[in-house]
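A closer look at the structure
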Amino acid sequence: MSNAVKKTGVKKVVLAYSGGLDTSAIIPWLKETYDNCEIVAFCADVGQGEEELVGLTEKALASGASECYIVDLKEELVADYIYPTIATGAIYEGTYLLGTSMARPIIAKAQVEVARKVGADAVCHGCTGKGNDQVRFEGCFAALAPDLKVIAPWREWEMRSREDLLDYLAERNIKTAASATKIYSRDANAWHISHEGGELEDPWNEPSKGVWTLTVAPEDAPNEPEYVSLGVKHGRITHVNDEALSPYAALKTLNDIAGKHGVGRIDITENRLVGMKSRGCYETPGGTVMFAGLRAIEELVLDKTSRTWREQIAAQMSHLVYDGRWFTPLCKSLIAASESLAESVNGDVVIKLYKGQATAVKKRSPNSLYSESFATFGEDDVYDQKHAEGFIRLYSLPSRIRALNAK
């Protein structure tokens, strides 16, 4: 590798750095591949856990980076990316709560900001050529900084496996905590954690207990349910158990509560943007509770046509976020439409957590369209049932005319 002809044209590059095996190898590879290139490491703190950040700067510098920026994005991620997305109701392919997808635009945006700050002329990521993330990152780079060169080592270097990367680092006496026996590929942030690889690559294998990290198995969860109350304002969670909390604090609190009850596990085989199917196990305990709460309030306040429109927004938004098109006019339009509907999504809801399930059991809203006096099966003096006859005749008129024409 060191004897190869060095590339030119890149003086300073900002690398999205995690300290894992891939990005640890990328730093020396960049220095060897791009002549006189300076590498600035950038790490986004999106709630992946403090243990993931310990010693990160020292590790980056030891690998050859000139400096390392660790940017705290936790509150902004939840407030400006997660909350707007879940307000739309977006769920990819009916199951996936878009945990990895929602974090990519804010990471890419912050990476570009660091690149501007340090005067870099390139950005680099460690995404593989098989996955969705390469599209998400580079789509954001194109929208925010089309002048920056994008370097994607997995599409350039000759290494193809973990063993290759480990050998590469060993040859250069660069220490790494990674090993060839790593079982799963994981990605974590405040919203969720994903698990891929290992036995999960065979869809016939049931996930072992070693897969899961945020939640207990539902069968091992407490035998007594726990109730958690949520306060909702304009489609945002503002209170948990009557305590006012910031978006990130609310999510963190619900992760802790719901995880104990095995809430938020899914095992899916999804369609990647690049065309292949992949199997992943995802844990989104707090997010599952938030979704249940928002949908419960919506049931009270959105009329039939408004709810149908919100569901159409959700379907569009799920693909937009998954496909990495956050910084687009369509995204702005969908969020604006969702926020308009969410103006009336206010109220309180109680969620029952039990053996992997999060069920809304109580809900109320000052904007509720539910009226017991209208809906009751008992006697009432507000609804004249005779009016239904004329409504039905007009509603079914096309069917009636079609049947008469067929005679």
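Computed from a predicted model, the values in this text were never measured in an experiment. (Residues numbered from 1 in each chain as written. Predicted model: local features only at pLDDT ≥ 70, side-chain atom pairs only at ≥ 80, totals over all residues. Heavy atoms only, no water.)

1. What to know about the sheet that holds strand β8 (residues 226-233)
Note the cut-off: Strand pairing is assigned whenever DSSP detects at least two bridges linking the two strands. The helix count covers DSSP runs of H or I at least four residues long, the strand count covers runs of E at least two residues long, and both are numbered beginning at the N terminus. What makes two residues a contact is simply this: any of their non-hydrogen atoms within 4.5 Å. The axes used here are C-alpha line fits, helices contributing only the stretch in contact, and every angle between their N-to-C directions lies in the interval 0 to 180 degrees.
One open sheet holds the five strands; their spatial order is β10-β9-β8-β13-β14, and the pairing between them is antiparallel. Each edge of the open sheet is held by one strand with a lone partner, namely β10 (243-244) and β14 (357-364). When β8 meets strand β13 (residues 347-354), the two strands line up antiparallel, connected through seven bridges. By the bridge assignment for β13, Val232 is matched with Gly347. Of the strands in this sheet, β8, β9 (236-240), β13 and β14 are in contact with helix α8 (residues 285-301), which crosses β14 at around 35°.

2. Observations concerning the packing of helix α3 (residues 74-88) against helix α9 (residues 304-322)
The line we're drawing: Working definition: roughly parallel below 35 degrees, roughly antiparallel above 145 degrees, roughly perpendicular at 65 to 115 degrees, and oblique for all remaining angles. Amino acid classes used here: Ala, Val, Leu, Ile, Met, Phe, Trp, Tyr, Cys and Pro are nonpolar; Asp, Glu, Lys and Arg are charged; the rest, including Gly, are polar.
Viewed as axis vectors pointing N to C, α3 and α9 meet at an angle of 135°, and their least axial separation amounts to 8 Å. Comparing their axes, α9 and α3 come out oblique. Two secondary-structure elements touch here, α3 through Thr85, Ala87 and Thr88 and α9 through Arg310, Ile313, Ala314, Met317 and Val321. Its residues assigned to classes, the contact of α3 with α9 comprises five nonpolar, two polar and one charged.

3. Side note on the environment of Leu245
Short version of the rule: The buried label applies to any residue whose accessible area, calculated with a 1.4 Å probe on protein chains only, is under 20% of its type's maximum; exposed applies above 50%, and partly exposed to all values in between.
Along the polypeptide, Leu245 turns up in the loop between β10 and α7 (247-259). For Leu245, a relative accessible area of 18% translates into the label buried. Considered as a pair, Leu245 and Gly231 are 14 residues apart in the sequence and their alpha carbons are 10.0 Å apart. In this structure Leu245 touches Thr238, Val240, Ala250 and Thr253, once residues within four positions along its chain are discounted.

4. Some thoughts on the packing of aromatic side chains
So the rule is basically this: Two rings from Phe, Tyr or Trp (for Trp, the six-membered ring) form a pair when their centres are within 6.5 Å of each other. A pair whose planes differ by under 30 degrees is stacked, one over 60 is edge-to-face, and the rest are tilted. Geometrically, a lysine NZ or arginine CZ counts as sitting over a ring once it is within 6 Å of the ring centre and also within 35 degrees of the ring normal.
All told, the structure shown has nine aromatic pairs when counted by the stated rule. A ring pair is formed by Trp29 and Trp157, whose centres lie 5.6 Å apart and whose planes are at 85°; its orientation type is edge-to-face. Of the two residues, Trp29 is situated in helix α1 (residues 21-33) and Trp157 in the loop between β5 (149-151) and α6 (162-171); the sequence distance between them amounts to 128 residues. Per residue, the accessibility class of Trp29 equals that of Trp157, and both read buried. On the numbers, 6.2 Å between centres and 90° between planes, the contact of Tyr96 with Tyr322 is edge-to-face. Taken as a pair, Tyr96 in the loop between α3 and α4 (99-118) and Tyr322 in helix α9 lie far apart in primary sequence, 226 residues in all. The pair Tyr96 / Tyr322 is uniform in exposure class, with both members buried. Aromatic rings pair up to connect Trp29, Tyr34, Trp154 and Trp157 into one cluster. Against the face of Tyr168 rests Arg172, its NZ or CZ located 3.6 Å from the ring centre.

5. Quick word on the pairing of β8
Look at any regular strand and the pattern is simple: side chains alternate between the two faces of the sheet. As judged from the four bridges shared by β8 and β9, these two strands associate in the antiparallel manner. Directly across from Val232, in β9, lies its bridge partner Ile237. Adjacent in sequence and paired antiparallel, β8 and β9 are bridged by two residues, among which His234 carries a positive phi angle near 50°.

6. Remarks on unusual backbone geometry
Of note in the backbone geometry, Leu98 takes a positive phi value of approximately 65° without being a glycine. Within the secondary structure layout, Leu98 lies in the loop between α3 and α4. In this model, Lys355 sits at a positive phi of 50°, which is unusual for a non-glycine residue. Relative to the helices and strands, Lys355 is located in the loop between β13 and β14.

7. Quick notes on empty space enclosed by the protein
Going by this rule: The pocket and cavity definitions rest on a 1 Å grid over protein atoms only: a 1.4 Å probe that fits but cannot leave marks a cavity, an open set with protein on both sides within 12 Å along at least five of seven lines marks a pocket, and residues lining either have an atom within 4 Å of a point. Grid points are joined across faces, edges and corners, and a volume is the space filled by probe spheres set on the points.
Summed over the entire model, instances satisfying the criterion amount to two cavities of 30 Å³ or more. Looking at the lining of the largest cavity, the elements that each hand over two or more residues are α8 and α10 (329-342). Grouping the constituent residues of the lining of the largest cavity by class yields six nonpolar, two polar and three charged. Size it by volume and the second largest cavity reaches roughly 30 Å³.

8. A closer look at a nonpolar patch on the surface
The criterion, for reference: Like-charged residues are merged into a patch within 9 Å and nonpolar side chains (Val, Leu, Ile, Met, Phe, Trp, Tyr) within 5 Å, provided each residue has over 30% relative accessible area and no salt bridge. Per-residue and other accessible areas were derived by the Shrake-Rupley procedure at a 1.4 Å probe size, with only the shown protein chains allowed to occlude residues. Criterion for a salt bridge: a side-chain nitrogen of Lys or Arg within 4 Å of a carboxyl oxygen of Asp or Glu.
Where nonpolar side chains cluster on the molecular surface, the patch consists of Val135, Leu273, Val274 and Met276 and spans about 260 Å² of accessible area. Secondary-structure assignment places Leu273 in the loop between β11 (265-271) and β12 (277-283).

9. Structural notes on the side chain of Ser101
Relative to the helices and strands, Ser101 is located in helix α4. What makes Ser101 buried here is its relative accessible area of 1%. Not counting the four nearest positions on each side in its chain, Ser101 is found in contact with Tyr96, Arg136, Val321 and Tyr322.

10. Notes on α3
The condition is simple: Expected helix span is computed as 1.5 Å times (number of residues minus one). By definition, a residue's bend is the angle between the axes fitted to the seven residues ending there and the seven starting there.
Here α3 is 15 residues long and its end C-alpha atoms lie 21 Å apart, about the 21 Å a rise of 1.5 Å per residue gives. At Ile82, α3 is deflected by roughly 35°, the largest bend along its length, and proline Pro84 occurs up to four residues later in sequence. Of all 15 residues in α3, 11 are buried; the element is thus mostly enclosed. Of the residues trailing α3, Gly89 is marked for its positive phi of about 85°.

11. Here we look at helix α5 (residues 133-144)
With 12 residues, α5 should cover 16 Å at 1.5 Å per step; its first-to-last C-alpha distance of 16 Å lies within 8% of that length. All buried positions along α5 are accounted for by Asp133, Gln134, Arg136, Phe137, Cys140 and Phe141. Contacts from the buried residues of α5 go to α4, β4 (122-124), β5 and α9.

12. Overview of the sheet that holds strand β1 (residues 12-16)
A sheet is described by the order of its strands in space; here five strands give the open sequence β3-β2-β1-β4-β5, paired in parallel fashion. Edge positions in the open sheet fall to β3 (67-72) and β5, since each of these has one partner strand only. When strand polarity is set aside, the average angle formed by the axes of neighbouring strands in this sheet is 25°. Most of the contacts of α1 go to β1, to which it runs at about 170°, and overall it touches β1, β2 (38-45), β4 and β5.

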